[in-house]
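Read off the chains here:
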Amino acid sequence: MYRLNKENEIANMQKKEQKLETENKRLRAELLVLQKTCNNMRQERDAAVEEKYQALTRAAAFEHDRDKIQRMFKIFRETKEGELQALLRARRELENKLTKIAHGYFSDENDTASRTGLEGPLGNSNPGGDWWTAIESEPSLGSSAHLHTTLRGPEFAHSMMEMEGPFTNVHKEDWSTALANLTQIVPTIPEHALSNTLRLYISAPRDCQAEVDIFTKEYRSKLNGLCENEGRSLLLVHLHLEDDENLSSLALEHQQKARKHQLERSSIFLAFLGDNTNKFSNLEFRLAHLDNPGVKSSVFCFKGNKSSSDARELRNRVRDSGSAKIVDGYTLPSRGAEQAFHEVQKLLHIELGIDAKKEKLEDPGFEVTDGDQIFGSGVWDVNSDFEQMEAMNFSVKSSCELGFEKHYERLNVHVLSAGPLPPLLILGPSGSGRSLLLAKWMQLQIEKSPTCMVLYHFVGDESSVSADPIVMIRRITAQLMQQVSSPPPLTSDPARLVEEFPRWLEKISSKTPGGTILVLDSLDRFQQAEVHLQWLLDPLPVDTRIIVSAHEDTCPQPWRSWPTLQVEPLSNKNVKELVRAEIATLDASISPEDETKVLTHCRNPMTCNPLYVMVLARHVAECNKQDGKVSKHLDALLTSTDTVGLYIKVLELLRVDLESHENRGMVKTILKYLYVSRCGLSEAELMDLIPNLHWNFQAPFSTILVDHLVLKYQSGLLMFAHQQVKTAVCDFCFGKEEPKTIVHLRQELIQYFSQLLSPSKVSCRVADELPWLFKQIGDKEGLKNCILNMFVFQKMYARGRCDELFSYWQFIGAEKNSMTQAYFTAIKKMQDSIAQYNGTVTLPRIADMYETLGRFLKDLGHLNQAASALQTALEIRETALDPDHPVVAHSLHQLAGLHAQWGKFSTAEALYKQALDIYENALGGEHLMVAKELEALAILYQKQDKHDLAEPIKKRAMHVRKTTKTPRTPPARTPRGVDPLQRRALQLEELCIGPESPALARTLNELGVLYYLQNNFETAESLLKRSLEMREALLGPDHPDIAQSLNNLAALYNDRKQPEKAEPLYERALHIRLQSHNPDHPSVASIIKHLALLYRRQSKFDKAEPMYKQAVEIREKTFGTHHPSVATALVNLAVLYSQQNKYAEAEPLYEKALKIYEDSLGPSHPRVAETLRNLAVMKYELKDFETAAKLYKRATEIKDSDAAYPGKGMSRRSSSGDTNSTIKNLLQT
């Protein structure tokens, strides 16, 4: 029984097993079918995604084509608009002054432009004072000295071009032609403009040396501070010569050559001339000014009226040139130096691109610029860019091509090859011309393919800043970020920079029509190159080509697997060509015998490289000018077997020529200091370090050694031109005493730069040299104190040198946490002892330090510590400045970004809104900073998926950006050929965006304004009408842009005395703007003001009165009842009543306006005088002669006193919130 039961169970189990197997087979079959279906769907999806990607790539390429030409056109147009504006403003100011002088009236106020109402790129409501003083007031009654005003002129469309959307109506051939034409109008940058140092050359004979001494002692620091605020430095060059000094023919030639070289490198020429001249006065005047008047900015200060015949002739020649600033007839040296300072200061404003009339914000540490957005975590390192431009400029110099044509073809093939490619490696020995080859090829590539983006980096000495790969990556990342409209903040965290750089390279390369080429010269000199440049071994983006060069002996093994181009030594034919070319360039010659010697010697690889041949040829050319030296020197030079040995021989020979008994050993001393420094030294630093060194020796020394390719200028510093020079200098100067002497010299440099650690003296030079010097001599305590100096820390962080900063802390042996605490302690210590700095360290500067530290910690991801630092910065600024100051909004923005990164979105939102409110109150609703804050708020909402809130804010930000221009400096040069260039730009834009488009209508409107400002009314009218018709056809009759065109056309007709045509246009423009804006919107108020004035001039008082009343209401609502602009509107309404003899209505308005002016501007302001005159005229008409006389007397006293405007600021809301007691105590002191 048991067995039967078991058998039945087994049978049942077998049936179940069979059933399960059947079910399993069925499911397997279904699974296979589903897998096939899934694979098919996946393939279809991948195909669709690929097609979409290709379509997006094509669209991006087309978009970038359009964007690039629009950006170039925008820059061109803005430049020409600014030039024209500056010229016309000056002309209008002169015309206004002449008119007022003709009427016997001299205004105390800065004249505003005759068309002060320009709303757009050419608009400048008040170039020289507070914004509210430019509000137009109408003429006062009964006085010929009334303040004249005109109708608001044409308003520009905002020339911020659309950066998004399809690229339409342009073919590839048209694009290439248009871009090639555009590149032809790009100005060539002078060589001295590439330098970070501005040179001021001072020429003065012996009897004017006192002026030079006073100028140098009293004013050099002020001028240098002006340059340092703009990221530049100033160097004063003065070669003093005693009248009885006898110079040999060789010394005289050296002095002439040095003066010519220094003048060529100088940006400004300052000359003092008294009774007599010296041996070089004629040469300096001729080279600096007389040969090419106006090319170099020049100031001539002529002392007294009596002079010798030579001095008198020079003065007359300068006066006849007619293109220099002349200070004539001073008697005291101090007066001459003071006048020279003021004129040089004006020229420096022009050279630096500073508008001398621009009013700065109350806090000098705050500037509203785009740099904070594009490079949010730090300032773009301008010094590095200047350095790389100079390196490129130096590398490209050569007298012949050195047989590089075959290499050009190989480089071109690599660039044009399809598919992702590894880097192309260029190998060669030292001095083989690798840098020259790359620089020449890049120059040709840019000319041949202007659509291609070429980026480059030249590495100098292995210890220099250029050899830091993180600095290189950050600099090139910043350049790539410029290609997108809204880039994210540029981090300073080294790890993130290395991680994100390949992504940026891929992103921008895919959007660039010609792709991106990255050239890295001397790749093997990068510090820790194999660690930080690991991405070079990964697959590169399809549209990116990377070309690198390295020394054949030091190139790392992993890189040798890349495609390689070997730079071979020169052939005998190339050596001959190079020798002849170099000697011909220097206006010298070589005998056949000496040429044969050179060619016979240069036959092995060590002597056939280009650098060896060029150094040899340069020295032979120099000796050729001195009889009997060529053969002797050539025999000595040809004993050298390599470039280092040749340099040693050249230095020995030059030392003999340059040194005399008085300055023996000076050549080696200078070279030693250059050798032990990190980046070289400036001539001013060398003269500070070496007591007996003066310009009379320094200038010939640097000129001759630069000509012999021993030294070069870069970033305003003298440094070794090639790596072989440094090796040669080590052997030439130090010998066996090298280690001990080097340490001693570096200690001297440490002592020198340590003197510059005070708050007002810390510069980029100190941050570059001093920490590195401490590290080289192993002084950990000195290094720690140096990098804990907050001014050094700020300089290093601002230039993105965080990786170098970390390396110093690692050398000290400190961790990141202890580093953070040390910086907090350092700032707190400085804050507690702020009174000891005598005003050089203020609370706003302390706040800047906390903010820099907070941003630094934020980059590192230490959010807790970063929040503490940023919060402290905010509290200090609220207390030291004002809760409503724009700098406070800047702090709120930084803190909001931190909380957003932290994920605390509600806190971030509140901070962003608070910052937005401050910016809107302080700067107005249509300001660039308002747009940035709106964009940040929109991004915050998008991160939270609150798209319904983000969309309207984003639209508003775009509107503000379109209606706002980034502040720029108006060019100081006189514009030439504006009309043809504008017409050419219009043709290019028509080519790019088609004959009918809103953008073209905007351009037509702007071009019409330019012709209007030139009084070419017929052309202006046709362009403005064409713009209006195009906008009506494309945008409809009630679009806001229609109101703009109507306003411009109405202003044109009003200027031509055609009010019957202007009136209906203004009325229609007002109707349109009232549909899209509130009645108190600035654009509505603008047209109301124009229309009211137009009605009054036509005696249509019934129509003018409600307009003037509405203007008063708008200003009261906008600015408050006690604002000066309200008083101006009240005066205008009172004038209207007075013209209608409604004196009862006019008198209280005058009295109210007078009280507002006195309370806000002070009792001696010209506006008060004007209102008193108006009241006096009214009282006179009412036969109240006694009161009229008193009022007029007071008005006249105000005018005659010529009182300066006291600049009383508008009241702000009081600070709120608790602050720590330390800050309160500091404020009380």
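Within every chain, residues take consecutive numbers counted from 1 along the sequence as written. Two thresholds apply to this predicted model, a pLDDT of at least 70 for residue-level local features and 80 or more for giving and counting side-chain atom pairs, whereas whole-chain, interface and lining totals are computed over all residues. In computing side-chain properties, one takes all heavy atoms of the structure into account and sets aside hydrogens as well as water.

The chain goes by Nephrocystin-3 in an unreviewed UniProt entry, where it is assigned to Potamilus streckersoni.

Next up on the list: the overall build of the chain. A run of H or I in DSSP becomes a helix once it reaches four residues, and a run of E becomes a strand once it reaches two; helices and strands are each numbered from the N terminus. Within the chain, the secondary structure is distributed over 47 helices and twelve strands. Considering the chain as a whole, with its 1229 residues, one finds that 52% of them fall into the buried category. Within the chain, counting contacts between residues at least 6 apart in sequence, those at least 24 apart form 75% of the total. Shrake-Rupley sampling with a 1.4 Å probe provides the accessible areas, and residues are treated as covered by the protein chains on show and by no other component. Carbon and sulfur atoms form 52% of the exposed surface of the chain, whose accessible area is close to 55,800 Å². Relative accessibility under 20% of the residue-type maximum defines a buried residue, over 50% an exposed one, and the middle range a partly exposed one, all with a 1.4 Å probe and only protein chains included. Contacts between residues were defined by any pair of non-hydrogen atoms, one from each residue, lying within 4.5 Å.

Looking now at the environment of Val-615. Structurally, the position occupied by Val-615 is in helix α17 (residues 610-624). A relative accessible area of 1% means that Val-615 is categorised as buried. Spatially, the C-alpha atoms of Val-615 and Leu-709 are 6.4 Å apart, while their sequence positions differ by 94 residues. Setting aside residues no more than four positions away along its own chain, Val-615 makes contact with Leu-646, Tyr-647, Val-650, His-708 and Leu-709.

To continue, consider helix α25 (residues 764-777). Every helix has an expected span of 1.5 Å times one less than the residues it contains. Given a rise of 1.5 Å per residue, 14 residues ought to cover 20 Å, and the 21 Å separating the end C-alpha atoms of α25 matches this to within 8%. Of all 14 residues making up α25, ten are buried, and the element is well covered by its neighbours. Along α25, the residues classified as buried are Arg-765, Val-766, Ala-767, Asp-768, Glu-769, Leu-770, Pro-771, Trp-772, Leu-773 and Phe-774. Looking one or two places after α25, you find Gly-778, whose phi comes out positive at around 80°.

Turning next to the packing of aromatic side chains. Note on aromatic pairs: each is described by the distance of the centres and the angle between the planes. A pair of Phe, Tyr and Trp rings is counted when the ring centres sit within 6.5 Å of each other, with Trp represented by its six-membered ring. The angle between the planes then sorts it: under 30 degrees is stacked, over 60 is edge-to-face, the rest tilted. Summed over all chains, the structure comprises 21 aromatic pairs. Consider the rings of Phe-269 and Phe-300, whose centres lie 5.7 Å apart with planes at 65°: the pair is edge-to-face. One end of the pair, Phe-269, is in strand β3 (residues 268-273); the other, Phe-300, is in strand β4 (residues 297-303), and 31 residues separate them in sequence. Residue classification places Phe-269 among the buried positions, given a relative accessible area of 0%. With relative accessibility at 0%, the residue Phe-300 sits in the buried group. With a centroid separation of 5.2 Å and 75° between ring planes, the pair formed by Tyr-752 and Phe-753 is classed as edge-to-face. Assessed through its relative accessible area of 14%, Tyr-752 is described here as buried. Overall, Phe-753 belongs to the buried group, its relative accessible area being 0%. Of the aromatic side chains, those joined through ring pairs into one cluster are Phe-793, Tyr-797, Phe-806, Trp-809, Tyr-823 and Phe-856.

At least two bridges found by DSSP between two strands is the condition for calling them paired. Judged by pairing direction, the sheet is parallel, and its five strands sit side by side in the order β7-β8-β9-β6-β10 without closing on themselves. Edge positions in the open sheet fall to β7 (453-458) and β10 (564-566), since each of these has one partner strand only. Going from strand to strand, the sheet's axes swing by 15° on average, the running direction of each strand aside. Here strand β6 (residues 424-428) pairs with β10 via three bridges, running parallel. Bridge pairing in β10 places Ile-426 opposite Leu-565. Each axis is a line fitted through C-alpha atoms, taken for helices only over the stretch in contact, and angles between the N-to-C directions span 0 to 180 degrees. Packed on one face of the sheet, helix α12 (residues 469-481) meets β7 and β8 (516-521) and runs near 160° to β7.

With that out of the way, let us pick up the pattern of salt bridges. Salt bridge criterion: a side-chain nitrogen from Lys or Arg within 4 Å of a carboxyl oxygen from Asp or Glu. Tallied over the entire structure, the rule returns 45 salt bridges. Among the ionic pairs, Lys-303 bridges to Glu-211, the shortest N-O distance being 3.7 Å. Taken together, the residues Lys-303 in strand β4 and Glu-211 in helix α3 (residues 209-229) connect sequence positions 92 residues apart. Where Glu-1063 meets Lys-1100, a salt bridge forms, and the shortest distance between an N and an O atom there is 2.8 Å. Of the two residues, Glu-1063 is situated in helix α40 (residues 1059-1076) and Lys-1100 in the loop between α41 (1082-1097) and α42 (1101-1119); the sequence distance between them amounts to 37 residues. The exposure class assigned to Glu-1063 is buried, which follows from its relative accessible area of 9%. What you see here is one network of salt bridges that share partners, running through Arg-678, Asp-768, Arg-799, Arg-801 and Glu-804.

A few words on unusual backbone geometry. Leave glycine aside and you will find that most residues have negative phi; peptide bonds, for their part, are mostly trans. In this model, Asp-587 sits at a positive phi of 55°, which is unusual for a non-glycine residue. For Asp-587, the position within the fold is in the loop between α15 (572-585) and α16 (592-601).

Attention shifts here to the nonpolar core. We call a set of buried Ala, Val, Leu, Ile, Met, Phe, Trp, Tyr and Cys residues a nonpolar core when their side-chain atoms join them within 4.5 Å. In this structure, Leu-671, Leu-711, Tyr-823 and Phe-856 are the most contacted members of the largest nonpolar core, which totals 167 residues. Counting residues per element, this core draws most heavily on α17, which supplies ten residues. Those residues within four positions of Leu-711 in sequence are excluded, and the remaining contacts are Leu-671, Leu-674, Phe-701, Leu-705, Val-706, Leu-718, Met-719, Phe-720 and Ala-721. Counting residues in each nonpolar core, the second largest holds 70 residues, with Ala-1051, Tyr-1095, Leu-1130 and Leu-1136 among its members.

The element strand β2 (residues 233-237) is largely enclosed, with a buried count of four among its five residues. Where strand β1 (residues 197-203) lies against β2, five bridges are found, and the strand directions are parallel. Directly across from Leu-200, in β2, lies its bridge partner Leu-236.

The subject of this paragraph is α40. In an α-helix, one turn spans 3.6 residues; hence positions three or four apart end up facing the same way. Between its first and last C-alpha, α40 extends 26 Å over 18 residues, near the 26 Å set by a 1.5 Å rise per residue. Those residues of α40 not exposed but buried are Ala-1062, Glu-1063, Leu-1065, Tyr-1066, Ala-1069, Leu-1070, Ile-1072 and Arg-1073. In this structure, the buried side of α40 is in contact with α39 (1040-1055), α41 and α42.

As paired elements, β4 and strand β5 (residues 325-330) share five bridges and run parallel to each other. Its bridge partner being in β5, Lys-303 is matched across the sheet by Tyr-330. On the question of chirality, the crossover connecting β4 to the parallel β5 by way of helix α6 (residues 309-321) is right-handed. If the strands point away from the viewer and the path from the first strand over the helix to the second runs clockwise, then the crossover is right-handed.

Moving on: the sheet that holds β2. Here we have five strands laid out as an open sheet, ordered β2-β1-β3-β4-β5, and parallel in their pairing. On the outer flanks of this sheet lie β2 and β5, each paired with one strand and no other. Pairs of neighbouring strands in the sheet enclose a mean axial angle of 15°, with direction left out of account. Packed on one face of the sheet, helix α5 (residues 281-290) meets β1, β3 and β4 and runs near 140° to β3.

So, on to the packing of helix α27 (residues 790-798) against helix α29 (residues 816-832). Between α27 and α29, the least distance of the axes is 10 Å, while the angle of their chain directions is 125°. Relative to α29, the element α27 lies oblique. Where α27 approaches α29, its residues Met-790, Phe-791 and Phe-793 are matched on the opposing element by Tyr-823, Ala-826, Ile-827 and Met-830. Throughout this entry, Asp, Glu, Lys and Arg are counted as charged residues, while Ala, Val, Leu, Ile, Met, Phe, Trp, Tyr, Cys and Pro are counted as nonpolar. The remaining residues, Gly among them, count as polar. Grouping the amino acids of the contact of α27 with α29 by side-chain chemistry returns seven nonpolar, no polar and no charged. Oblique is the label for every angle not falling under 35 degrees (roughly parallel), over 145 degrees (roughly antiparallel), or within 65 to 115 degrees (roughly perpendicular).

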